[in-house]
Amino acid sequence: MKHFVRRMQALAASLVVVAAGLQAQKAPRDMDRFIDQLMKKMTLEEKIGQLNLPVTGEITTGQAKSSDVAKRIRNGEVGGLFNLKGVERIREVQRQAVEESRLGIPLLFGMDVIHGYETIFPIPLGLSCTWDMKAIEESARIAAVEASADGISWTFSPMVDVSRDPRWGRVSEGNGEDPFLGAAIARAMIRGYQGKDMSRNDEIMACVKHFALYGASEAGRDYNTVDMSRQRMFNEYMLPYQAAVEAGVGSVMASFNEVDGVPATGSKWLMTDVLRKQWGFDGFVVTDYTGINEMIDHGMGDQQTVAALALNAGVDMDMVSDAFSGTLKKSVEEGKVSAAAIDAACRRILEAKYKLGLFDDPYKYCDVNRPKKQIFTKEHRAIARKTASESFVLLKNEGVLPLSKKGTIAVVGPLANTRSNMPGTWSVAAVLDNAPSLVEGLREVVGDRAKVVTAKGSNLIGDADYEKRATMFGRELHRDNRTDRELLDEALKVAAGADVIVAALGESSEMSGESSSRTNLEMPDVQRALLQELLKTGKSVVLVLFTGRPLVLTWEEEHVPAILNVWFGGSEAAYAISDVLFGDVNPSGKLTATFPQNVGQIPLFYNHKNTGRPLQEGRWFEKFRSNYLDVSNEPLYPFGYGLSYTTFAYSDIHLSSTEMSADGELTATVTVTNTGSRDGAEVVQLYIRDLVGSVTRPVKELKGFEKIFLKAGESRKVSFSITPELLKFYNYDLQFVCEPGDFDVMIGGNSRDVKKARFLLKGE
């Protein structure tokens, strides 16, 4: 009887598997059939309309009925809208699309939900410094829940552009300089946004951007030219985009820059040959803001020409340019664009709407009862606070931190008492007044156990016009018209009565981000002067550094006893900073971008190539070697670096074997010990160097990491599996290969301080 029951259970299980397989086969056929029937009813103009994405961030419910956009929606000339906030407004616009247009095709509603909706998480660069994929996925999950509750079905995130140049402002919006880590974060973000299959009403479509190479703009100047070999593209920049495609991302955004002399928006090689044919992407491609029309300034032709170029390249949706809607019909008539190409683009947009479930329920994301229950909730904010505290990087600590919740604490600096700058750049849905300032957060955390006093001390920047450019979009710091000396004297008077000084200095939130490139990455002039005077008081000074990029901190590293880099931590940043300053949380963030000694070293990154005349290890300068006369080759703070309130020791590496076959694997193990007196987390990092190749290979590459928590005195073995797949790279012919030879394995707490071992990969 038992055997019979088990057989029946096995049969039932197999039937379930078969049924699931049939359902999976049926779903695409159902979608194809539905879209085939719909497209047979569509005019050419309506098909082109699906490719049109205008912006309408200021629309109101009344305007939704009477504006030019409303008329175009009724005429079937709009495929989606973006940066429209508010579920009731979105519901009204969606109603118009499905009830007043001829075919009732629902709209997509997109928004720049970059690092949270109203519950704001750390800027992406800060978030990457957690090295915590579960936390990163959860941040995207919460963003999806909140955005979908307010009517949004599509986010223009994640940005996975690899960047090695901190002069570029949008380094704040990405994951740093490493493609392996960037790929892991891309997968985590997409899982968080899209969930299992976007079937739920709190799962939204992601859009990976910017395809491709946007982070490598020349001179770190936004929108600038990018030029590199294809071998470098695939080995150093493409992996995060490919990982996003493999993770099932629903859409891809074209980048502004050119690639191989062709703007990415018009590159058939990128959008069709690589993205679709090589990687198998089956979603749709949207331009960046006015990306098609910008090809005119690139020198690619008039609007009709560049619109045809984009469509024929494989771009499906035109953001804002109105180039598709204005020219494609004429281009079809003139034979410059085929009706089949328009059909293919239209089908991809309709498929995205089908996969989101909008044809089944156009109001899927329009439940007006959800916002008050699911946006900026106590639970979401608690998670954001914890995540922010994980993102902070302790750069230096000479016994000053953690602080005690007692005495008088002076919080001084232009960023001490600002709410609007706490969330950071690209927080378009944030209610800026919801974020407490650092002073407010500290006072709430210490209660009546300590006194928190404050003074501005200086303006953000001496140059008033520069400060205006750096505090846009409601992030003003309310420039003080007193003299620099008056501001400084007030701060010194406040500091004189304090036991410890917290200097809240650095960038404003809009000093980094889009179109916020900088050539001077040192502390702004008046802030440096303030810091110098605070140090002269002889009191303990903690620099709480706000920044959206690596800064040049050579002077600060030499003179300031404690530096805590807090990036821009989001809506709960003030509380999270308090948690770390007072030791309620032990900092565990690790840098994902190298900090240079000065801008003259840029671009500076850990996974660089060797030269034929490398500087010998441990040497500062040697004539006729690759080095500088005035500064060493070393960074100020290397990739992967970050201190803790405890210390960690690494054993030597144990390899399970010193040889590996072409189809084998080996294990590299270290024992990590918490040698301090506090519990803490450590990011254990695995790097590998291919010592001999058919093309030159980097001096090391990140190939694994694990974040572990150890109690004081505790030890743990951490093991990494190394397979030939992990050793592959693109050779001269762009074949993805693994070549036999010697490999160095390096494991440590950052890219500089590592233990080493060596193994041989044998040929077939």
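This text gives an overview of the structure that appears in the document. (Residues numbered from 1 in each chain as written. Predicted model: local features only at pLDDT ≥ 70, side-chain atom pairs only at ≥ 80, totals over all residues. Heavy atoms only, no water.)

### Points about the packing of helix α8 (residues 179-194) against helix α10 (residues 239-246)
Basically, it comes down to this: Lines fitted to C-alpha atoms define the axes, with helix axes restricted to the stretch in contact, and inter-axis angles between N-to-C directions lie between 0 and 180 degrees. Comment: elements are numbered from the N terminus, with helices defined as DSSP H or I runs of at least four residues and strands as E runs of at least two. Orientation categories follow fixed angle ranges, with anything under 35 degrees roughly parallel, anything over 145 roughly antiparallel, 65 to 115 roughly perpendicular, and all other angles oblique. A crossing counts as left-handed when the near helix is turned anticlockwise from the far one by less than a right angle, and as right-handed when that turn is clockwise. The contact criterion used throughout is that any non-hydrogen atoms of two residues lie within 4.5 Å. Lys, Arg, Asp and Glu make up the charged group, whereas Ala, Val, Leu, Ile, Met, Phe, Trp, Tyr, Cys and Pro make up the nonpolar group; the residues left over, Gly among them, are polar.
Here α8 crosses α10 at 25°, and the two axes come no closer than 8 Å. Our classification of the angle between α8 and α10 gives roughly parallel. The crossing of α8 and α10 is right-handed. Where α8 abuts α10, its residues Pro179, Phe180, Gly182, Ala183, Ala186, Arg187 and Ile190 lie against Leu239, Pro240, Ala243 and Ala244. Considering only residue class, the contact of α8 with α10 consists of 9 nonpolar, 1 polar and 1 charged.

### Structural notes on the sheet that holds strand β5 (residues 207-211)
Note the threshold: If DSSP finds at least two bridges between two strands, the strands pair.
In space, the 3 strands of this open sheet follow the order β5-β6-β9, with parallel pairing throughout. Two strands lie at the open edges of the sheet, namely β5 and β9 (284-286), each paired on one side alone. Pairs of neighbouring strands in the sheet enclose a mean axial angle of 30°, with direction left out of account. One ladder, built from 3 bridges, connects strand β6 (residues 251-254) with β9; its direction is parallel. Bridge pairing links Ser251 to Phe284 in β9.

### Points about the nonpolar core
Generally speaking, a soluble globular protein has its nonpolar side chains buried in company with each other. How we decide: We define the nonpolar core as a collection of buried residues of types Ala, Val, Leu, Ile, Met, Phe, Trp, Tyr and Cys that are connected through side-chain atoms lying within 4.5 Å of one another. Whether a residue is buried, partly exposed or exposed follows from its accessible area with a 1.4 Å probe, protein chains only, as a fraction of its type maximum: under 20%, in between, or over 50%, in that order. Bear in mind that the domain bounds are from an automatic or database domain assignment.
By size, the foremost hydrophobic cluster in this structure holds 122 residues, and its most contacted members are Trp154, Phe211 and Met238. When residues in this core are grouped by element, the largest group, 8 residues, is from α8. Here this core spans two domains, since at least three of its residues come from each of domain 1 (70-372) and domain 3 (646-761). If we ignore the near neighbours within four places in the chain, the residues touching Met238 are Phe211, Ala212, Leu213, Met233, Trp269, Leu270 and Trp279.

### Quick look at the sheet that holds strand β22 (residues 701-710)
If you walk across this open sheet you meet the 5 strands as β19-β27-β26-β21-β22, and the pairing is mixed. A single partner strand is all that each edge strand has here, and the edge strands are β19 (659-660) and β22.

### Structural notes on helix α17 (residues 378-391)
Rule in force here: A helix is expected to span 1.5 Å multiplied by its residue count minus one.
Between its first and last C-alpha atoms α17 spans 20 Å; for 14 residues at 1.5 Å apiece the expected length is 20 Å, and the two agree. Listed as buried for α17 are His380, Ala384, Thr387, Ala388, Ser389, Glu390 and Ser391. At its buried positions, α17 is contacted by α6 (124-128), α7 (133-149), α16 (371-374), β11 (393-397), α23 (573-581) and β22.

### Some points on α23
Structural remark: α-helix, 3.6 residues per turn; residues separated by three or four positions point the same way. In terms of burial, α23 is largely enclosed, as 9 of its 9 residues are buried. Where α23 is concerned, the buried positions are Ala573, Ala574, Tyr575, Ala576, Ile577, Ser578, Asp579, Val580 and Leu581. The elements touched by buried residues of α23 are α17, α18 (438-446), β15 (540-546) and β16 (562-565).

### Quick notes on the packing of aromatic side chains
To describe a pair of aromatic rings, one takes the distance between the centres and the angle between the planes. Heads up, the condition is: Any two of the Phe, Tyr and Trp rings considered here, Trp counted by its six-membered ring, make a pair once their centres fall within 6.5 Å; the pair's planes then place it as stacked at under 30 degrees, edge-to-face at over 60, or tilted in between. In this analysis the charged atom, NZ for Lys or CZ for Arg, is taken to sit over a ring once it is within 6 Å of the ring centre and within 35 degrees of the ring normal.
Under the counting rule described, the total for this entry stands at 24 aromatic pairs. Ring centres 5.2 Å apart and planes at 45° place the aromatic pair Phe234 and Tyr730 in the tilted group. Of the two residues, Phe234 is situated in helix α9 (residues 230-237) and Tyr730 in strand β24 (residues 729-730); the sequence distance between them amounts to 496 residues. One aromatic cluster is present, built from ring pairs that chain together Trp131, Phe180, Tyr606, Phe639, Tyr687 and Phe705. Taking the ring centre of Tyr363 as reference, the NZ or CZ of Arg91 above it sits at 4.5 Å.

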